[in-house]
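# Topology and contacts: notes
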Amino acid sequence: MRKRVLTAALLASLAFAAPAFAAPIIASSNGIAAPAQTITFDELVFPANTLITNQYAALGVTFTSGLRYSPQTGFPNITGNTLGNFSPYVAGPYTLSFSSLQSSAAFAMVSNSSVYTFQSFLGASLVESFDSVIGASSASNFFGFSGSNFDSIRITSNSNDSFLIDNLKLSSVGAVPEPTTWMLMLLGMVGIGFSMRRKSDTELRVRYT
(Lines give C-alpha, C1' and ligand atoms only; values in the text may rest on other atoms or scores of the structure.)
Protein backbone atom coordinates (compact mmCIF):
# COMPACT_ATOMS: atom_id res chain seq x y z
CA MET A 1 0.00 0.00 0.00
CA ARG A 2 2.76 2.43 0.96
CA LYS A 3 4.59 1.61 -2.26
CA ARG A 4 1.52 2.53 -4.30
CA VAL A 5 1.11 5.79 -2.36
CA LEU A 6 4.77 6.64 -2.92
CA THR A 7 4.53 5.90 -6.64
CA ALA A 8 1.45 8.09 -6.99
CA ALA A 9 3.13 10.94 -5.11
CA LEU A 10 6.24 10.76 -7.28
CA LEU A 11 4.17 10.72 -10.47
CA ALA A 12 2.18 13.71 -9.22
CA SER A 13 5.33 15.68 -8.47
CA LEU A 14 6.77 14.88 -11.91
CA ALA A 15 3.53 15.95 -13.58
CA PHE A 16 3.55 19.20 -11.62
CA ALA A 17 7.11 19.99 -12.72
CA ALA A 18 6.58 19.12 -16.39
CA PRO A 19 5.50 21.72 -18.95
CA ALA A 20 1.74 21.71 -19.42
CA PHE A 21 -0.14 22.38 -22.64
CA ALA A 22 -0.62 26.05 -23.47
CA ALA A 23 -3.21 26.76 -26.17
CA PRO A 24 -2.55 29.57 -28.64
CA ILE A 25 -4.47 32.82 -28.33
CA ILE A 26 -4.77 33.99 -31.94
CA ALA A 27 -6.50 37.20 -33.02
CA SER A 28 -8.49 37.60 -29.82
CA SER A 29 -10.50 40.77 -29.24
CA ASN A 30 -9.49 41.15 -25.58
CA GLY A 31 -6.60 38.76 -24.84
CA ILE A 32 -7.59 36.99 -21.62
CA ALA A 33 -10.61 37.39 -19.36
CA ALA A 34 -10.15 38.86 -15.89
CA PRO A 35 -6.35 39.23 -15.96
CA ALA A 36 -4.55 39.49 -12.63
CA GLN A 37 -2.52 42.35 -14.10
CA THR A 38 -2.49 44.49 -17.25
CA ILE A 39 0.69 46.35 -18.17
CA THR A 40 -0.15 49.31 -20.40
CA PHE A 41 3.40 50.76 -20.49
CA ASP A 42 1.89 54.02 -19.25
CA GLU A 43 2.91 53.05 -15.71
CA LEU A 44 6.39 54.46 -16.31
CA VAL A 45 7.38 57.38 -18.55
CA PHE A 46 10.62 57.48 -20.56
CA PRO A 47 11.93 59.56 -23.45
CA ALA A 48 10.87 58.23 -26.86
CA ASN A 49 13.12 55.42 -28.18
CA THR A 50 14.43 54.50 -24.72
CA LEU A 51 15.71 50.91 -24.86
CA ILE A 52 13.51 48.78 -22.59
CA THR A 53 14.89 45.68 -20.86
CA ASN A 54 14.28 45.44 -17.09
CA GLN A 55 12.48 48.73 -16.37
CA TYR A 56 9.18 46.87 -15.88
CA ALA A 57 10.65 44.10 -13.72
CA ALA A 58 8.74 45.37 -10.68
CA LEU A 59 5.54 44.81 -12.68
CA GLY A 60 6.50 41.23 -13.49
CA VAL A 61 8.13 41.27 -16.94
CA THR A 62 11.53 41.86 -18.54
CA PHE A 63 12.49 42.01 -22.23
CA THR A 64 15.44 40.99 -24.35
CA SER A 65 17.28 43.96 -25.83
CA GLY A 66 15.91 45.66 -28.95
CA LEU A 67 12.47 46.91 -27.93
CA ARG A 68 12.11 50.64 -27.43
CA TYR A 69 9.64 52.91 -25.67
CA SER A 70 7.36 54.36 -28.35
CA PRO A 71 4.39 56.73 -27.82
CA GLN A 72 1.80 55.78 -30.46
CA THR A 73 -1.78 56.36 -31.52
CA GLY A 74 -4.10 55.35 -34.36
CA PHE A 75 -3.93 51.55 -34.05
CA PRO A 76 -6.53 49.25 -32.43
CA ASN A 77 -5.65 48.46 -28.80
CA ILE A 78 -2.36 50.35 -29.23
CA THR A 79 -2.67 53.60 -27.31
CA GLY A 80 -0.38 55.89 -25.38
CA ASN A 81 3.01 54.38 -24.62
CA THR A 82 3.96 51.10 -26.28
CA LEU A 83 7.04 49.05 -27.15
CA GLY A 84 8.40 48.70 -30.69
CA ASN A 85 11.44 47.27 -32.46
CA PHE A 86 12.39 50.25 -34.62
CA SER A 87 14.34 53.55 -34.41
CA PRO A 88 16.64 51.73 -35.03
CA TYR A 89 15.15 48.48 -36.31
CA VAL A 90 16.33 45.30 -34.57
CA ALA A 91 15.35 41.94 -36.06
CA GLY A 92 15.01 39.97 -32.81
CA PRO A 93 13.72 37.45 -31.80
CA TYR A 94 12.32 39.02 -28.65
CA THR A 95 11.58 37.26 -25.38
CA LEU A 96 9.16 38.45 -22.70
CA SER A 97 10.24 36.82 -19.43
CA PHE A 98 7.74 36.76 -16.59
CA SER A 99 8.57 36.78 -12.89
CA SER A 100 5.66 34.42 -12.24
CA LEU A 101 4.41 31.24 -13.83
CA GLN A 102 1.59 32.12 -16.20
CA SER A 103 -1.50 30.13 -17.06
CA SER A 104 -2.47 32.79 -19.62
CA ALA A 105 -0.73 35.81 -21.13
CA ALA A 106 -1.53 37.92 -24.17
CA PHE A 107 -0.75 41.33 -25.65
CA ALA A 108 -2.05 43.59 -28.41
CA MET A 109 0.25 43.67 -31.44
CA VAL A 110 0.29 45.43 -34.81
CA SER A 111 2.60 45.05 -37.79
CA ASN A 112 2.61 45.29 -41.59
CA SER A 113 0.64 42.12 -42.43
CA SER A 114 3.67 39.96 -41.76
CA VAL A 115 3.97 36.41 -40.44
CA TYR A 116 5.24 36.01 -36.88
CA THR A 117 6.08 32.96 -34.79
CA PHE A 118 5.00 32.91 -31.15
CA GLN A 119 6.49 30.40 -28.71
CA SER A 120 5.85 29.80 -25.01
CA PHE A 121 8.53 28.29 -22.77
CA LEU A 122 8.89 26.87 -19.29
CA GLY A 123 12.54 27.44 -18.54
CA ALA A 124 14.37 26.11 -21.59
CA SER A 125 11.53 23.75 -22.60
CA LEU A 126 9.27 24.71 -25.49
CA VAL A 127 5.62 24.40 -24.45
CA GLU A 128 3.71 25.56 -27.53
CA SER A 129 4.25 27.41 -30.81
CA PHE A 130 2.13 28.94 -33.57
CA ASP A 131 2.44 31.26 -36.57
CA SER A 132 0.08 34.10 -37.39
CA VAL A 133 -0.18 37.02 -39.80
CA ILE A 134 -0.14 40.30 -37.88
CA GLY A 135 -1.77 43.32 -39.47
CA ALA A 136 -2.32 46.94 -38.45
CA SER A 137 -6.08 47.46 -38.67
CA SER A 138 -7.90 44.57 -36.96
CA ALA A 139 -9.31 45.12 -33.46
CA SER A 140 -8.91 41.38 -32.84
CA ASN A 141 -5.18 41.70 -32.39
CA PHE A 142 -4.33 40.08 -29.04
CA PHE A 143 -1.89 37.19 -29.26
CA GLY A 144 -0.47 34.86 -26.63
CA PHE A 145 -1.16 31.59 -24.84
CA SER A 146 -3.68 30.12 -22.41
CA GLY A 147 -3.17 26.90 -20.47
CA SER A 148 -0.59 26.57 -17.71
CA ASN A 149 3.06 26.46 -16.77
CA PHE A 150 4.97 28.84 -18.97
CA ASP A 151 7.23 31.68 -17.88
CA SER A 152 8.26 33.34 -21.14
CA ILE A 153 7.00 34.12 -24.64
CA ARG A 154 9.26 34.56 -27.67
CA ILE A 155 8.24 36.66 -30.70
CA THR A 156 10.02 36.09 -34.03
CA SER A 157 9.43 37.98 -37.27
CA ASN A 158 9.58 35.74 -40.34
CA SER A 159 10.08 38.68 -42.69
CA ASN A 160 12.29 41.13 -40.76
CA ASP A 161 9.33 43.37 -40.04
CA SER A 162 8.76 46.00 -37.34
CA PHE A 163 5.94 45.80 -34.79
CA LEU A 164 4.34 47.41 -31.74
CA ILE A 165 3.00 45.69 -28.63
CA ASP A 166 0.79 47.10 -25.88
CA ASN A 167 -1.64 46.11 -23.09
CA LEU A 168 0.17 43.02 -21.85
CA LYS A 169 -2.32 40.93 -19.82
CA LEU A 170 -1.06 38.40 -17.27
CA SER A 171 -2.90 35.75 -15.28
CA SER A 172 -0.47 35.67 -12.34
CA VAL A 173 1.77 38.04 -10.40
CA GLY A 174 3.48 35.55 -8.04
CA ALA A 175 7.10 34.41 -7.97
CA VAL A 176 8.52 31.80 -10.36
CA PRO A 177 9.91 28.74 -8.57
CA GLU A 178 13.62 28.40 -9.29
CA PRO A 179 14.81 25.24 -11.11
CA THR A 180 16.42 24.14 -7.84
CA THR A 181 12.99 24.27 -6.21
CA TRP A 182 11.65 21.67 -8.63
CA MET A 183 14.67 19.48 -7.91
CA LEU A 184 14.29 19.86 -4.14
CA MET A 185 10.65 18.83 -4.41
CA LEU A 186 11.59 15.68 -6.28
CA LEU A 187 14.46 14.89 -3.92
CA GLY A 188 12.10 15.40 -1.00
CA MET A 189 9.64 12.90 -2.42
CA VAL A 190 12.45 10.40 -3.04
CA GLY A 191 13.67 10.92 0.53
CA ILE A 192 10.19 10.24 1.86
CA GLY A 193 10.12 7.08 -0.21
CA PHE A 194 13.40 5.78 1.20
CA SER A 195 12.24 6.62 4.72
CA MET A 196 8.98 4.75 4.25
CA ARG A 197 10.80 1.77 2.75
CA ARG A 198 13.27 1.57 5.67
CA LYS A 199 10.44 1.82 8.18
CA SER A 200 8.56 -0.94 6.39
CA ASP A 201 11.64 -3.21 6.40
CA THR A 202 12.17 -2.57 10.12
CA GLU A 203 8.56 -3.46 10.90
CA LEU A 204 8.93 -6.70 8.95
CA ARG A 205 12.10 -7.68 10.81
CA VAL A 206 10.47 -6.99 14.19
CA ARG A 207 7.33 -8.86 13.20
CA TYR A 208 9.13 -12.00 12.07
CA THR A 209 11.95 -12.09 14.66
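Up top is the structure these notes are about.
Residues numbered from 1 in each chain as written. Predicted model: local features only at pLDDT ≥ 70, side-chain atom pairs only at ≥ 80, totals over all residues. Heavy atoms only, no water.

Before going further, it helps to spend a moment on the side chain of Arg68. With respect to the helices and strands, the residue Arg68 is situated in strand S4 (residues 68-75). Buried charge without a salt bridge: Arg68, with Asp161 as the nearest opposite-charge side chain at an N-O distance of 16 Å. A distance of 3.5 Å separates a polar atom in the side chain of Arg68 from the backbone oxygen of Ser87. Ignoring sequence-local partners within four residues, the contact set of Arg68 consists of Asn49, Thr50, Leu51, Ile52, Thr82, Leu83, Gly84, Phe86, Ser87 and Pro88. (Helix = DSSP H or I, 4+ residues; strand = E, 2+ residues; numbered from the N terminus. Buried < 20%, exposed > 50% of the residue type's maximum accessible area, 1.4 Å probe, protein only. Lys, Arg positive; Asp, Glu negative; His and termini not counted. Salt bridge = Lys/Arg side-chain N within 4 Å of Asp/Glu carboxyl O. Polar contact = N/O pair within 3.5 Å; in protein donor to acceptor, adjacent residues only side chain to side chain. Contact = heavy atoms within 4.5 Å.)

For the rest of this paragraph, the subject is the pairing of strand S7 (residues 114-122). The buried count for S7 comes to 8 of 9 residues, which makes it a mostly enclosed element. Here 9 bridges tie S7 to strand S8 (residues 125-134), and the two strands are oriented antiparallel to one another. By the bridge assignment for S8, Gln119 is matched with Ser129. Remark: 2 residues form the turn of the hairpin made by S7 and S8, two consecutive strands paired antiparallel; Gly123 in that turn has positive phi of roughly 65 degrees. Relative to strand S9 (residues 142-157), S7 runs antiparallel, the two sharing 6 bridges. Bridge pairing in S9 places Phe121 opposite Ser152. (Pairing = 2+ DSSP bridges.)

Attention now goes to the packing of aromatic side chains. Remark: the centre distance and the inter-plane angle together describe each pair of aromatic rings, the angle taken between the planes. Inspection of the entire model under this criterion finds 11 aromatic pairs. Summarising the aromatic geometry, the rings of Phe118 and Phe130 are spaced 5.0 Å apart at their centres and angled 15 degrees between planes, so their arrangement reads as stacked. Of this pair, Phe118 sits in strand S7 while Phe130 is found in strand S8, placing the two residues 12 residues apart along the sequence. Accessibility classification places Phe118 together with Phe130 in one group, the buried group. Each ring, one from Phe130 and one from Phe145, has its centre 5.3 Å from the other, and the planes form 65 degrees; the classification is edge-to-face. One end of the pair, Phe130, is in strand S8; the other, Phe145, is in strand S9, and 15 residues separate them in sequence. Within the aromatic cluster, the residues linked to one another by ring pairs are Phe107, Phe118, Phe130, Phe143, Phe145 and Phe150. For the cation-ring pair, Lys169 lies above Phe142, with the distance from its terminal atom to the ring centre recorded as 4.9 Å. (Phe/Tyr/Trp six-rings, centres within 6.5 Å; stacked < 30°, edge-to-face > 60°. Lys NZ or Arg CZ within 6 Å of the ring centre and 35° of its normal.)

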